[in-house]
Structures are given as structure tokens and as C-alpha cells.
Amino acid sequence: MYNHVMIDIETLSTAPNALTVTIGACTFSLDPNEDPIGVSAQWGIDVVDAAKYGLHMDPNTVLWWMKQSQAARDGLEKNRGNTLRSVLTELQDFCMAARANHKRQELHLWANDPTFDCVILENGYKACDVAVPWNYYETRSCRTKVFDYSHFYGGMSAKKEFPRENTHHDAEADAIYQAELIRNITLTMQKDIGFTPS
């Protein structure tokens, strides 16, 4: 059931009101009888437009981006030129479509760390006066799930057991890898210790 959404963002700051330049998202299923990934998308945001909302830019983060791989920097240019408001509205639609996949309209919104990705997006929604498409109790943490895996398997690293093959710091690629990681962790724990996914 594709009511799980993984998001990943790339920003020009690490502050809670950071200026977001790219958002990646995908739907995914924890059902072993379904394909892992449903649909995915990536949106690039016009920096000049986003800056109009007073969102934070950090020169050190900009310099950090300049040191990343060419593939990662190319990812920042995907679909560039969209307004912040239009991108957040499209992400809103994306999440609502995923919610509609569940008979009780339940949504599970995942991020590597919701206190980073979700908080920054929520501040962006607030700045644009657009409704946030998830509730606070619907956010889920990849880091917590990775920790659970390590705890149950005596320190074994989930990221080593399920390595990635796509580009680092590309928002859509990051979202897809994180979704696949969560699915692999959940199904492995379900099989070995009777863990039931939420």
C-alpha cells in the first residue's frame, strides 16, 4: 500500500528556516507482495524567489555544495526555476494522493530526520501561507529505524547490509534509497523477529 512517503531536501543552510533548493519524494510500500517504489518526483526551486520569503542562506553551506560531486551539483539544477509556493503546492498534492491510497486516509511521512527535513518544509509552508499536508504525528524517522536494526542485530549496520548505488545528495535519489532501506529493514525484522510494520 503506497501511503508511505519518503522526502529528502537539499538546502542552502542547516537552520530550521533554511532556504530549500530541491525537494525529492517517493511513495513506497512495506508489503512484500508489492513493488518497493510507487512514484517519485523531484522539484527544483528558484533561489531568488525563495529568498523573497526571508528564508536563511549560509555561506558555509554554499561552499560545502561547491565541494560535492558533479552529479550531486547537477541534481540541484533539475527542474530549476519553479517558485517555492508552486513546489510546496505540488508536494502537498503528492502527499494527499498518497494519503488517498489508504482506506482510512492514513499517511506515513518519512525523512532521514524529521527534525531537519520536515521542520524546514513546515517553515516553508508557513512562509508561503500554504497548509502543511501532514500532521505532526504522521512523521517517521529513518535514523530511528536504522538504530532499531543495529540494536536488534548486535551492532550490524543497515547501510552496509543494504548499500546504495545511486547518487548521494540528489534529493530524489536520496529519497528512493532511504525508502528502499526502510523497506528492507522492516521486512528483515518482520521475518526474523515477528516485527509488524506500522
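Going by the structure above, here's the rest.
Residues numbered from 1 in each chain as written. Predicted model: local features only at pLDDT ≥ 70, side-chain atom pairs only at ≥ 80, totals over all residues. Heavy atoms only, no water.

S.K.: I tried to follow the packing of helix α6 (residues 142–152) against helix α8 (residues 171–193) on my own but got confused; where do I start?
M.R.: Think of two packed helices as two axes; the pair is described by the angle between the axes and how far apart they sit. Contact geometry for α6 and α8: axes closest at 10 Å, N-to-C directions at 35 degrees. For the element pair α6 and α8, the recorded crossing hand is left-handed. Facing α6, whose interface residues are C142, K145, V146, D148, Y149 and F152, α8 presents Q178, L181, I182, I185, T186, T188, M189 and I193. For the contact of α6 with α8, the per-class residue count stands at nine nonpolar, three polar and two charged. (Axes fitted to C-alpha atoms, helices over the stretch in contact; angles between N-to-C directions. Helix = DSSP H or I, 4+ residues; strand = E, 2+ residues; numbered from the N terminus. Left-handed = near helix turned anticlockwise from the far one by under 90°. Contact = heavy atoms within 4.5 Å. Nonpolar A, V, L, I, M, F, W, Y, C, P; charged D, E, K, R; others polar.)

S.K.: What exactly am I supposed to notice about the side chain of T11 here?
M.R.: Among the secondary structure elements, T11 is positioned in strand β1 (residues 4–11). At 2.5 Å, the side chain of T11 and the backbone oxygen of S13 are in polar contact. (Polar contact = N/O pair within 3.5 Å; in protein donor to acceptor, adjacent residues only side chain to side chain.)

S.K.: Looking at this structure, how should I read the pairing of strand β2 (residues 20–28)?
M.R.: Along a regular strand, successive side chains alternate from one face of the sheet to the other. Here β2 lies mainly inside the structure; nine of its nine residues are buried. As judged from the eight bridges shared by β1 and β2, these two strands associate in the antiparallel manner. Its bridge partner being in β2, T11 is matched across the sheet by T20. (Buried < 20%, exposed > 50% of the residue type's maximum accessible area, 1.4 Å probe, protein only. Pairing = 2+ DSSP bridges.)

S.K.: Any chance you could explain the nonpolar core here in plain terms?
M.R.: In globular proteins that are soluble, nonpolar side chains generally tend to be buried together. Among the nonpolar cores identified, the biggest contains 31 residues, and I7, I23, W43, L91, L121 and W134 are the most heavily contacted of them. Those elements that provide at least two residues to this core are β1, β2, β3 (37–44), α4 (84–99), β4 (108–111) and α5 (117–128). The dominant element in this core, judged by the number of residues it contributes, is α4, at seven residues. When residues no more than four places from it in sequence are discounted, the contact partners of L91 are I7, I23, A25, W43, L121, Y125 and W134. Within the second largest apolar cluster, nine residues are counted, among which are M6, C26, C142 and I182. (Core = buried A, V, L, I, M, F, W, Y, C linked by side-chain atoms within 4.5 Å.)

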